Amino acid sequence: MMAMEGVATAVAVKLPSFKIIRRTTTLNLRSSRSFRSFSASASTLREGDPSASVSVSLGDLTRPDFPNPQSALQNYYEGYNSNVHRGIHFLSAKATEEYELARKKIASFINASDSREIVFTRNATEAINLVAYTWGLQNLKPEDEIILTIAEHHSAIVPWQFVAQKTGAVLKYVTLNQNEVPDINMFKEILSTKTKLVVVHHISNVLASVLPIEDIVLQSHNVGAKVLVDACQSVPHMVVDVQNLDADFLVASSHKMCGPTGIGFLYGKSHLLSTMPPFLGGGEMISDVFLDHSTYAEPPSRFEAGTPAIGLGAAIDYLSGIGMQKIHDYEVELSRYLYESLCAVPGVRIYGPAPSENVYRAALCSFNVENIHPTDIATFLDQQHGVVIRSGHHCAQPLHRDLGINASARASLHFYNTKEDVEYFIHALNDTINFFNSFK
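Residues numbered from 1 in each chain as written. Predicted model: local features only at pLDDT ≥ 70, side-chain atom pairs only at ≥ 80, totals over all residues. Heavy atoms only, no water.

S.K.: How do you make sense of the overall build of the protein chain when you look at a structure like this?
M.R.: Assigned secondary structure in the protein chain consists of 14 helices and 17 strands. By residue count, 50% of the 440 residues in the protein chain fall in the buried class. Look at the contacts in the protein chain between residues 6 or more apart in sequence, and 68% of them connect residues 24 or more apart. Entry remark: accessible area of the protein chain is about 19,400 Å², with carbon and sulfur atoms responsible for 50%. (Helix = DSSP H or I, 4+ residues; strand = E, 2+ residues; numbered from the N terminus. Buried < 20%, exposed > 50% of the residue type's maximum accessible area, 1.4 Å probe, protein only. Contact = heavy atoms within 4.5 Å. Areas by Shrake-Rupley, 256 points an atom, 1.4 Å probe, with all protein chains shown as cover.)

If you want it as structure tokens, here you go:
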């Protein structure tokens, strides 16, 4: 997410043609110059509230009560600090109740038919590995094909490379079309009865493109293939309905949903989860343990060995209170404003499709500036302007190679950002470009 990092006190140290800011006191991320306080509350934008003001943006209204994951953790440690599913006493019962309530909240959030289709993991990466090492190793054999796109996150590529090496399955990749979007026509051409699994993102974390998951799933199911959707970039930003998508597996991560780090989840259709062996061995995932063998619990417990993380339920409550459709609609407007503003900066090359009436871009832009390294841009924006963007390959090296670049800069927005944030970013970027061009 793009953020304006506040500075309460700063000391400028003069170097040749370069002013370095040494922060002596750093404010909270959303207490900064651009993250102003407002008297309005996000409660005025709760779903169904006709009094919500249209003159103040969602970004402005949500800042005063932006969720703090620490509060959920504090409530746990101060109120019912105990392991789940492991005691009959009050604390354990309360912890278990809250834990399972969070599972139900996630199921409702993505419209799963049963909360038992939700498996808690440490992150989305572990969720993908869970499918790879259980369903993948059990079902794939030599010459079976797995289709991915070159725009996948490393977390969605590397596990299947491991599986392909172990099983003899073949990885096939969909490349980009002229609009710098994974080519759906190519996908349909290479899809065949040999295809056993399709691994695909919903929204690209680099290109900001949105793939037609319903169509991909339908085409895949027609040849008997299963589909795993990386929804890390879609679940926090738009309505995601797994029953409408009909995907067999779907993964997402808490930290992108305003929740704590160290939590993710896997959605899997019940009939598939029930056939999959355990991923990790230990407490909670067993039914009975003998000296020479064990029997295993039913899903989702079968896949949740050990002591779990907590805190995602509170984030779900917050997002649900605002309304995912409201968040999506706001970000559509914000995304277009970011794209158009960035296009107006001389020397900037934005990757991915251009927005239009028929093409929705997610609220991020990966870009490069002619003759300036993206890491230099990110560093100067941070040190001189307190603007936080990311630079590098964004865990998508194959995609960057296909684009003919080693790295890019990326500005990402969420519902708590505003047009004023975008304007400040563009101002800071122009200043950054002018600084580096002054050396030419």
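This is not the end of the story, as more comes after the structure.
S.K.: Help me understand helix α11 (residues 324-343) in this model?
M.R.: Along an α-helix, a turn takes 3.6 residues, which lines up residues three or four apart on a common side. Taking 1.5 Å per residue, 20 residues should reach 28 Å; α11 reaches 28 Å between its end C-alpha atoms and fits that length. All of the buried residues along α11 are Met324, Ile327, His328, Tyr330, Glu331, Leu334, Ser335, Leu338, Tyr339, Ser341 and Leu342. (Expected span 1.5 Å × (residues − 1).)

S.K.: I tried to follow unusual backbone geometry on my own but got confused; where do I start?
M.R.: Leaving glycine aside, a negative phi is the common case for residues, and trans is the common case for peptide bonds. Cis rather than trans, the peptide bond between Pro299 and Pro300 has omega equal to 5 degrees. Position of Pro300 relative to the elements: it lies in the loop between β12 (294-296) and α10 (312-322). The backbone of Glu180 shows a phi angle near 60 degrees, a positive value even though the residue is not glycine. Along the chain, the position of Glu180 falls in the loop between β6 (170-174) and α6 (184-190).

S.K.: Just to check I follow, could you spell out the sheet that holds β6 for this structure?
M.R.: A sheet is described by the order of its strands in space; here seven strands give the open sequence β4-β10-β9-β8-β7-β5-β6, paired in mixed fashion. What marks the edges here is a single partner per strand, and that holds for β4 (118-121) and β6. Between one strand axis and the next, the sheet turns through 20 degrees on average, direction left out of account. As paired strands, strand β5 (residues 145-149) and strand β7 (residues 195-201) are joined by three bridges and run parallel to one another. Note that in β7 the partner of Ile146 across the bridge is Leu197. (Pairing = 2+ DSSP bridges. Axes fitted to C-alpha atoms, helices over the stretch in contact; angles between N-to-C directions.)

S.K.: I'm lost on the sheet that holds strand β17 (residues 408-412) in this one. Help?
M.R.: Whenever strands of a sheet pair, they do so through backbone hydrogen bonds, lying parallel or antiparallel. Spatial strand order, β13-β14-β17-β16: four strands in an open sheet with antiparallel pairing. One side of each edge strand has no neighbouring strand; the edge strands of this open sheet are β13 (348-350) and β16 (390-392). If you compare each strand with its neighbour and ignore which way they point, the axes differ by 30 degrees on average. Across the sheet, helix α12 (residues 374-385) is in contact with β14 (364-369), β16 and β17; its angle to β16 comes to roughly 155 degrees.

S.K.: Which parts of the structure should I look at to understand the nonpolar core?
M.R.: Proteins that are soluble and globular tend to have nonpolar side chains buried together. Among the nonpolar cores identified, the biggest contains 88 residues, and Leu250, Phe367, Ile389, Phe415 and Phe425 are the most heavily contacted of them. For this core, the element with the most residues is helix α14 (residues 419-437), which contributes nine residues. In this structure, Leu130, Leu266, Leu272 and Met276 belong to the second largest nonpolar core, which totals 27 residues. (Core = buried A, V, L, I, M, F, W, Y, C linked by side-chain atoms within 4.5 Å.)

S.K.: Any chance you could explain the packing of aromatic side chains here in plain terms?
M.R.: Note on aromatic pairs: each is described by the distance of the centres and the angle between the planes. This structure, assessed with the given rule, holds twelve aromatic pairs. A ring pair is formed by Phe380 and Phe436, whose centres lie 5.8 Å apart and whose planes are at 65 degrees; its orientation type is edge-to-face. Of this pair, Phe380 sits in helix α12 while Phe436 sits in helix α14, and the two are 56 residues apart along the sequence. On the basis of relative accessibility, which here comes to 3%, the residue Phe380 falls in the buried class. Aromatic rings pair up to connect Phe380, Phe435, Phe436 and Phe439 into one cluster. Taking NZ or CZ as reference, Lys94 lies 5.8 Å from the ring centre of Tyr80, over its face. The lysine or arginine in question, Lys419, covers the ring of Tyr337, its NZ or CZ lying 5.1 Å from the ring centre. (Phe/Tyr/Trp six-rings, centres within 6.5 Å; stacked < 30°, edge-to-face > 60°. Lys NZ or Arg CZ within 6 Å of the ring centre and 35° of its normal.)

S.K.: Before we go on, may I ask you to explain the packing of helix α4 (residues 124-139) against helix α5 (residues 154-167) in this structure?
M.R.: For any two helices packed against each other, one specifies the crossing angle of their axes together with the interaxial distance. Where α4 meets α5, the axes come as close as 9 Å, and the angle between the chain directions of the two elements is 20 degrees. Between α4 and α5, the interaxial angle falls into the category roughly parallel. Helix-helix and strand crossings are classified by hand; for α4 and α5 the assignment is right-handed. From α4, Thr125, Ile128, Asn129, Val131, Ala132, Tyr133, Gly136 and Leu137 reach across to α5, where they touch Ser155, Ala156, Pro159, Trp160, Phe162, Val163, Lys166 and Thr167. Here the residues of the contact of α4 with α5 are counted per class, giving ten nonpolar, five polar and one charged. (Parallel < 35°, antiparallel > 145°, perpendicular 65-115°, else oblique. Left-handed = near helix turned anticlockwise from the far one by under 90°. Nonpolar A, V, L, I, M, F, W, Y, C, P; charged D, E, K, R; others polar.)

S.K.: Help me out: how do you make sense of the pattern of salt bridges in this one?
M.R.: One pass over the structure, following the stated rule, counts 16 salt bridges. A salt bridge links Lys94 to Glu98; the shortest N-O distance between them is 3.0 Å. Taken together, the positions of Lys94 and Glu98, both in helix α3 (residues 90-109) and four residues apart, correspond to about one turn of that helix. Of the residues examined, Lys94 reaches a relative accessible area of 26% and is grouped as partly exposed. A relative accessible area of 26% means that Glu98 is categorised as partly exposed. Across the salt bridge formed by Asp114 and Arg116, the nearest N and O atoms sit 2.8 Å from each other. For Arg116, a relative accessible area of 52% translates into the label exposed. A single network of salt bridges, built from pairs that share partners, joins Glu100, Arg103 and Glu304. (Salt bridge = Lys/Arg side-chain N within 4 Å of Asp/Glu carboxyl O.)

S.K.: Would you take a moment to explain the pairing of β7 for this structure?
M.R.: In summary, the side chains of a regular strand alternate between the two faces of the sheet. Burial runs high along β7: six of the seven residues are buried. Relative to strand β8 (residues 226-230), β7 is paired through five bridges, and the arrangement is parallel. By the bridge assignment for β8, His201 is matched with Asp230.

S.K.: Explanation requested: empty space enclosed by the protein in the structure shown.
M.R.: Gaps left between atoms are located by rolling a probe of water-molecule size over the structure's atoms. Here the structure, examined in full by the defined rule, presents one cavity of 30 Å³ or more. The calculated volume of the largest cavity comes to roughly 60 Å³. Ile147, Leu148, Thr149, Val174, Ile184, Phe187, Val198, Val200, Leu211 and Ile216 together form the lining of the largest cavity. Put simply, the parts of the chain that give the lining of the largest cavity at least two residues each are β5, α6 and β7. (1 Å grid on protein atoms, 1.4 Å probe; cavity = no way out; pocket = protein on both sides within 12 Å on 5 of 7 lines; lining within 4 Å. Points joined across faces, edges and corners; volume = space filled by probe spheres on them.)

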